[in-house]
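Examining the three-dimensional arrangement
What follows is the residue order along each chain.
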Amino acid sequence: MPAPFPIPTEYRHKHTWLEDIQGLGISLITASVGIVFLSSLGFLTGQTAGIALIISYLTGVSFGTVFFLVNLPFYAFAWRRLGPEFTLKSILCVTALSVLVDWLPSMMHFYVLNPILGTLVFGVLTGFGLLGVFRHKGSLGGLGVIALLIQDRTGFRAGYVQLIVDAVIFAAAFFLFDLPVVLYSLFGAAVLNGVIAFNHDRDRYIAD
C-alpha cells in the first residue's frame, strides 16, 4: 500500500484499546471500499498493494490472498525495527483488509463506473483509510519497513526508496497492461498520495 512518508517511530498520545478498535475498523472499511473501486476497474496502485494487484490480474488468484502472502516476509523486519505492537497491528490490518477486499465485491456491483470517478474515489477513501491506520500505529504494507531499514543501513532516504519501488511497479505495468489502464492508475496513485501529503501531520495524527 502506498506510504509516501516513513513509518513513524515516535508516538506522543495514548489511545485506549476501544479507540484503536473503532479507529482501525473505520479506516480498514474505508480503505477496502476504495480498493474495490480500483480493482473493479482493473487498475493498479503502488507499493505492496500494487504488486498484489498485478499478480492477482495475471494469475486469477484473489487480491486478498496475494496481498496477505506478499506481506508475510516483512513482518520479521517490522518486529525488529518498529516493535511488537506495530507489527501485530499491521498483521491484523493486512489480514482484515485482505478479507474485506475479497468479500465486499459480493455486496457491491458496478454496472457503470467512470474511470476518473473510480480512481478519484479510490484515492480519497484509501488515502483517508491509511491516515487512520497510521494514527493508530499500524500499516497496510511492508515495503515501508524495508525502506526504513535501507535508510538505517545506507542513509538513503526511505521516501526515495518507496518512490523507486513505485516507479518500477508502474514501469512494469506499461509492458503488461494497456496504456489507459496505467495512466488512470497513475492518476489514482497521485490522488492517494496527495491526500496523505496534505493531511498527514505527526503532531495531529500520530498517537500510541
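Just so it is clear, the structure is predicted and the values come from calculations on it, not from any experiment.

Conventions and cut-offs
- Residues numbered from 1 in each chain as written.
- Predicted model: local features only at pLDDT ≥ 70, side-chain atom pairs only at ≥ 80, totals over all residues.
- Heavy atoms only, no water.
- Helix = DSSP H or I, 4+ residues; strand = E, 2+ residues; numbered from the N terminus.
- Contact = heavy atoms within 4.5 Å.
- Areas by Shrake-Rupley, 256 points an atom, 1.4 Å probe, with all protein chains shown as cover.
- Expected span 1.5 Å × (residues − 1).
- Buried < 20%, exposed > 50% of the residue type's maximum accessible area, 1.4 Å probe, protein only.
- Core = buried A, V, L, I, M, F, W, Y, C linked by side-chain atoms within 4.5 Å.

Regarding its fold elements, the protein presents ten helices and zero strands. Reading the secondary structure of the protein in the N-to-C direction produces α-α-α-α-α-α-α-α-α-α. Partitioning the intrachain contacts of the protein with sequence separation of at least 6 by distance along the chain shows that 80% fall at a separation of at least 24. Accessible area of the protein: about 10100 Å², with a carbon and sulfur share of 69%.

Attention now goes to helix α2 (residues 47-59). Taking 1.5 Å of rise per residue, 13 residues should cover 18 Å, and α2 covers 19 Å from first to last C-alpha, within 8% of that figure. Residues of α2 that are buried: Gln47, Thr48, Ala49, Gly50, Ala52, Leu53, Ile54 and Ser56. Positive backbone phi, approximately 85°, marks glycine 60, located one or two places after α2.

A separate point is the nonpolar core. The biggest cluster of nonpolar side chains holds 44 residues, and the ones touching the most others in it are Leu28, Phe63, Phe67, Leu97, Leu140 and Phe177. Listed by contribution, the elements that provide at least two residues to this core are α1 (17-40), α2, α3 (63-71), α5 (84-103), α6 (115-135), α8 (158-176) and α9 (179-199). With eight residues, α1 is the largest single contributor of residues to this core. Among residues more than four places away in sequence, those in contact with phenylalanine 63 are Ile35, Ala49, Ala52, Leu53, Ser56, Val101 and Asp102. Formed by five residues, the second largest nonpolar core is a distinct cluster that contains Ala78, Leu82, Phe86 and Leu148.

This part takes up the side chain of lysine 89. Within the secondary structure layout, lysine 89 lies in helix α5. Filtering out sequence-adjacent residues up to four positions away, lysine 89 remains in contact with Asp20, His136, Lys137 and Gly138.

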